[in-house]
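Spelled out, the chains give:
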Amino acid sequence: DQQVKQNSPSLSVQEGRISILNCDYTNSMFDYFLWYKKYPAEGPTFLISISSIKDKNEDGRFTVFLNKSAKHLSLHIVPSQPGDSAVYFCAATNTGNQFYFGTGTSLTVIP
Amino acid sequence: GAGVSQTPSNKVTEKGKYVELRCDPISGHTALYWYRQSLGQGPEFLIYFQGTGAADDSGLPNDRFFAVRPEGSVSTLKIQRTERGDSAVYLCASSLKPATPSGANVLTFGAGSRLTVL
């Protein structure tokens, strides 16, 4: 039972444009959400997070939006750079013990 | 250490053999997690340690899988009688804060141990 879903396995964006990665979840008890970025042969690295008491969190070029009523969050990268090319995982938790991950979206930023 | 260290980085074994995977977390991190990532999937929770004890082992798929953290630092994931379906990347993560209901608990992952069962 996949509680966190990323329905787009891949995304290609031109350098300088906006990348929008989407994530949906089913468990309304989730109260903390994270985005991780993963390069080949490396472990996932933390990118940005958001608590359920907020609807937006921004860190430089990265912004995460949370829509609790739709159980949807998105990651915006503006402007996209070739170094952003990686697999992005959305994760959610309600206890801080188990973090549920989506299946990932592979982003390619074309120079 | 500076980051989460996992050894071996690659392990090839034969069906039925016993395997141990080691995780050395960031110094001072009390929480330690094991995840498994199969091809094309996201990381899947296996077990969580708070200190020396397994606070949540509900993700272990069956009794062939076992993990220990005897001194509250290094952890070993042990897989008995390996099967081809156990082939995956096993990821270890640690975090500074113990689990809290409100999160604010960022996991730092190691590079993983890729297990291939022939």
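## What to know about the sheet that holds strand β3 (residues 19-24) of chain B
Residues and elements named next belong to chain B.
In step 1: The strand order β1-β3-β8-β7 describes an open sheet built from four strands, whose pairing is antiparallel. Both edges of this open sheet fall to β1 (5-7) and β7 (65-68), since each of them pairs with a single strand only. On average, each strand axis in the sheet is inclined to that of its neighbour by 15°, with strand direction left out of account.
In step 2: Pairing geometry for β1 and β3, over three bridges, is antiparallel. Across the sheet, T7 pairs through a bridge with R22, a residue of β3.

## A few points about the pattern of salt bridges
In step 1: The final tally for this structure, using the stated rule, is five salt bridges over all chains.
In step 2: We note a salt bridge from R61 of chain A to D84 of chain A, for which the minimum N-O separation is 2.8 Å. Of the two residues, R61 of chain A sits in the loop between β6 (56-59) and β7 (62-67) while D84 of chain A sits in the loop between β8 (72-77) and β9 (86-93), which places them 23 residues apart along the sequence.
In step 3: Between R22 of chain B and D24 of chain B there is a salt bridge, with its nearest N and O atoms 4.0 Å apart.
In step 4: Residue classification places R22 of chain B among the partly exposed positions, given a relative accessible area of 39%.

## Thoughts on the interface of chain B and chain A
In step 1: The interface of chain B with chain A comprises 24 residues on the first partner and 20 residues on the second.
In step 2: Of the roughly 1,700 Å² buried between chain B and chain A on both sides combined, carbon and sulfur atoms contribute 56%.
In step 3: Linking chain B with chain A are zero salt bridges, by the criterion used here.
In step 4: Here chain B is connected to chain A by four residue pairs in polar contact (both at pLDDT 80 or more).
In step 5: Within the residue set of the side of chain B that touches chain A, elements represented by two or more residues are β4 (31-37) and β5 (44-50) of chain B.
In step 6: For the side of chain B that touches chain A, the leading source of residues is β4 of chain B, giving three residues.
In step 7: Per-class residue counts for the side of chain B that touches chain A are 13 nonpolar, 10 polar and one charged.

## Re the state of the cysteines
All names here are of chain B.
In step 1: Here the structure, examined in full by the defined rule, presents two disulfides over all chains.
In step 2: Between the sulfur of C23 and that of C92 lies a disulfide, 1.9 Å long from S to S. The S-S bond linking C23 to C92 shows a torsion near -70°; that makes this disulfide left-handed. In this pair, C23 sits in strand β3 while C92 sits in strand β9 (residues 88-95), placing the two residues 69 residues apart along the sequence. A single burial state applies to C23 and to C92, both of which are buried.

## What about the packing of aromatic side chains?
Within a pair of aromatic rings, the relevant descriptors are the distance that separates the centres and the angle that separates the planes.
All names here are of chain A.
In step 1: Within this structure, the stated rule accounts for 13 aromatic pairs over all chains.
In step 2: Between the aromatic rings of Y36 and F101, the centroid separation amounts to 5.8 Å while the plane-to-plane angle is 55°, which identifies the pairing as tilted. Taken as a pair, Y36 in strand β4 (residues 32-38) and F101 in strand β10 (residues 100-101) lie far apart in primary sequence, 65 residues in all.
In step 3: Since its relative accessible area comes to 5%, F101 is described here as buried.

Rules behind the numbers
- Residues numbered from 1 in each chain as written.
- Chains lettered and ligands numbered in written order.
- Predicted model: local features only at pLDDT ≥ 70, side-chain atom pairs only at ≥ 80, totals over all residues.
- Heavy atoms only, no water.
- Pairing = 2+ DSSP bridges.
- Helix = DSSP H or I, 4+ residues; strand = E, 2+ residues; numbered from the N terminus.
- Axes fitted to C-alpha atoms, helices over the stretch in contact; angles between N-to-C directions.
- Salt bridge = Lys/Arg side-chain N within 4 Å of Asp/Glu carboxyl O.
- Buried < 20%, exposed > 50% of the residue type's maximum accessible area, 1.4 Å probe, protein only.
- Contact = heavy atoms within 4.5 Å.
- Buried area = accessible area lost by both parts, 1.4 Å probe.
- Polar contact = N/O pair within 3.5 Å; in protein donor to acceptor, adjacent residues only side chain to side chain.
- Nonpolar A, V, L, I, M, F, W, Y, C, P; charged D, E, K, R; others polar.
- Disulfide = S-S within 2.5 Å.
- Phe/Tyr/Trp six-rings, centres within 6.5 Å; stacked < 30°, edge-to-face > 60°.

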